[in-house]
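# Chain and residue survey
This is what each chain is made of:
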Amino acid sequence: MGHGSDWDVHEGCEKHRENHNSVAHRTKVGRGNLLRMKPATNLLETASTVMTTAEARGTWNELAAMDLIVVTAHRSPDGDAVGSVLALTHHLREAGLNAEAVLPDRFPRNLNWLPGAEIIHFFDETPDSTTEILERADLIWCLDFNGPGRTGEMETTLVNSSAKKWVVDHHQFPEDFADHLFSDPACGSTCELVFDLIAGWGRLGLISQETAVCAYTGIMTDTGSFRFSSVSAHTHLVLSYLVGLGIDHAQIHEQTFDQRSLNQVQLEGHALSDKLHTWMDPGVAFIVLDLDTLERFNYQPGDTEGVVNRALALEGIRVAIFAKESKGGIFKISFRSVGDISVRDIAAEHFEGGGHRNAAGGIYRASSSQALIDHVESNVRNWFPNP
Ligand SMILES: [Mn+2]
């Protein structure tokens, strides 16, 4: 999906467990059982079975022979992408391995506080030195993405590197580009899978504060603060383990969500009060922000994160669409839906995009925001006839 295209599915989307066949994940973890359990044992028993196979566990032994290990994730990285890259990089470095963290481009500034954020190489900012690292690597851990096209401008360098590619991911339909593929679309976050990988390696007791904070942050952001249906009893066991290490979870939430700029808060207010269109009959909400508006509020990357979910939270709204002009005439669009309503098909058929049933992305070319509003107005009842 989305190979080389110009759209992003925002992470933190709802994923679903119904296709998951793991017996471990169906374990009933009652309060009485919890009190009797040995936590470490139970964490392994309930971990994603993808991450505890002999193949997954065996990867640890291969690492020692490697001179340079790179850990990377998708472009427009979110909390799960940055969190998983830093969590794994910290853990490998603490084991004495030579590991470098690489991202295609910068993450939203509300994640600047993450421990180790300063060690990350950004491909778009330092292309020459980052290319050299990717070319010299023996192994590239590819976290939180299902195809090389999701790394944007970094794709060619990634694909051409002779390094082994080992994938840990939870997006549907992974492409065939990995030497090892550890994919579990039923899991709510890549950070949870990285935690399970470390557990499978038998290294739970060696998880540092830095690794714990990064892993907690990624699980938090990709599950909508632990509310989506992808959250399992195991997710909470992982969180319990991380909190048990003494991390300041309240501060993690505060630093991530409650340090917004005045411009950001006022842009969101403007979007919701002056730019919101609703069709209560099919239950669709639509917001579009043009370049002039973004400029007026001194827009920074990540500033409109969450606006689409505010629209979806409206009573009676089952589908929310958020469009943002990215360069003249090209609008990036995020879709959210609830329940059985699929926005993935609409994004794929009409907006050069794709994604998941309840969270998708695409692009649309229009001469003005009014032209896009007219387009949605005349099609919305066909796209969502009976939500
Ligand atoms: Mn993710």
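Here we summarise the structure given alongside this text. (Residues numbered from 1 in each chain as written. Predicted model: local features only at pLDDT ≥ 70, side-chain atom pairs only at ≥ 80, totals over all residues.)

Attention now goes to unusual backbone geometry. In this model, Asp-144 sits at a positive phi of 70 degrees, which is unusual for a non-glycine residue. Tracing the sequence through the fold places Asp-144 in the loop between strand E4 (139-143) and helix H6 (155-160). With 29 C-beta atoms counted inside 10 Å, the residue Asp-144 sits in the buried group. In this structure, Asn-298 is a non-glycine residue whose phi angle is positive, near 50 degrees. Looking at the element boundaries, Asn-298 is found in the loop between helix H12 (291-296) and helix H13 (307-312). (Helix = DSSP H or I, 4+ residues; strand = E, 2+ residues; numbered from the N terminus. Buried ≥ 20, exposed ≤ 12 C-beta atoms within 10 Å, placed from the backbone.)

Sheet architecture is open: 6 strands sit in the order E7-E8-E9-E10-E12-E11, paired in mixed fashion. A single partner strand is all that each edge strand has here, and the edge strands are strand E7 (276-279) and strand E11 (354-355). Strands in contact with helix H15 (residues 369-383) are E7, strand E8 (284-289), strand E9 (319-327), strand E10 (330-337) and strand E12 (359-365); relative to E8, the strand with the most contacts, it is inclined by about 165 degrees. (Pairing = 2+ DSSP bridges. Contact = placed C-beta atoms within 7 Å. Axes fitted to C-alpha atoms, helices over the stretch in contact; angles between N-to-C directions.)

Counting residues in each nonpolar core, the largest one holds 66 residues, and the members touching the most others are Val-70, Val-85, Trp-141, Val-194, Ala-215 and Tyr-216. The residues touching Tyr-216, leaving out its near neighbours within four places in the chain, are Leu-239, Leu-242, Ile-247, His-249 and Ile-252. Among the nonpolar cores identified, the runner-up in size contains 31 residues, and Ala-311, Ile-317, Ile-333 and Phe-335 belong to it. (Core = buried A, V, L, I, M, F, W, Y, C linked by C-beta atoms within 7 Å.)

This brings us to the sheet that holds strand E2 (residues 99-103). Neighbouring strands of a sheet are bound in pairs by backbone hydrogen bonds; such pairs are parallel or else antiparallel. With respect to topology, 6 strands assemble into an open sheet ordered E3-E2-E1-E4-E5-E6, the strand pairing being parallel. Only two strands of the sheet have a single partner each, and these edge strands are strand E3 (121-122) and strand E6 (180-183). Sheet strands touched by helix H5 (residues 127-136): strand E1 (69-73), E2, E3 and E4. Its angle to E2, the strand with the most contacts, is close to 125 degrees. Packed onto the sheet, helix H7 (residues 190-200) meets E4, strand E5 (164-169) and E6 and runs at close to 115 degrees relative to E5.

Two measures define how a pair of helices packs: the angle their axes make with one another and the distance between the axes. Across the interface, helix H8 (residues 209-222) lies against helix H10 (residues 249-257) with an axial gap of 11 Å and an inter-helix angle of 60 degrees. Classified by the angle between their axes, H8 and H10 sit oblique to one another. Of the two possible hands of crossing, H8 and H10 adopt the one that is right-handed. Contact with H8, carried on its side by Val-213, Tyr-216, Thr-217, Met-220 and Thr-221, involves His-249, Ile-252, His-253 and Thr-256 of H10 and no other residues of that element. (Parallel < 35°, antiparallel > 145°, perpendicular 65-115°, else oblique. Left-handed = near helix turned anticlockwise from the far one by under 90°.)

The residue Leu-97 is located in the loop between helix H4 (79-94) and E2 in this model. With 32 residues separating them along the chain, Leu-97 and Ala-65 place their C-alpha atoms 9.4 Å apart. Residue contacts for Leu-97: discarding those within four places in its chain leaves Leu-63, Ile-69 and Leu-92.

This part takes up H5. Listing the buried residues of H5 in full gives Thr-130, Ile-133 and Leu-134. An end-on view of H5 places all buried positions within 95 degrees of arc, on one side of the element. Opposite the buried face of H5, at more than 90 degrees from it, the exposed residues are Asp-128 and Ser-129. For H5, the secondary structure elements touched by its buried residues are E1, E2, E3, E4 and H6. (Arc of directions from axis to C-beta.)

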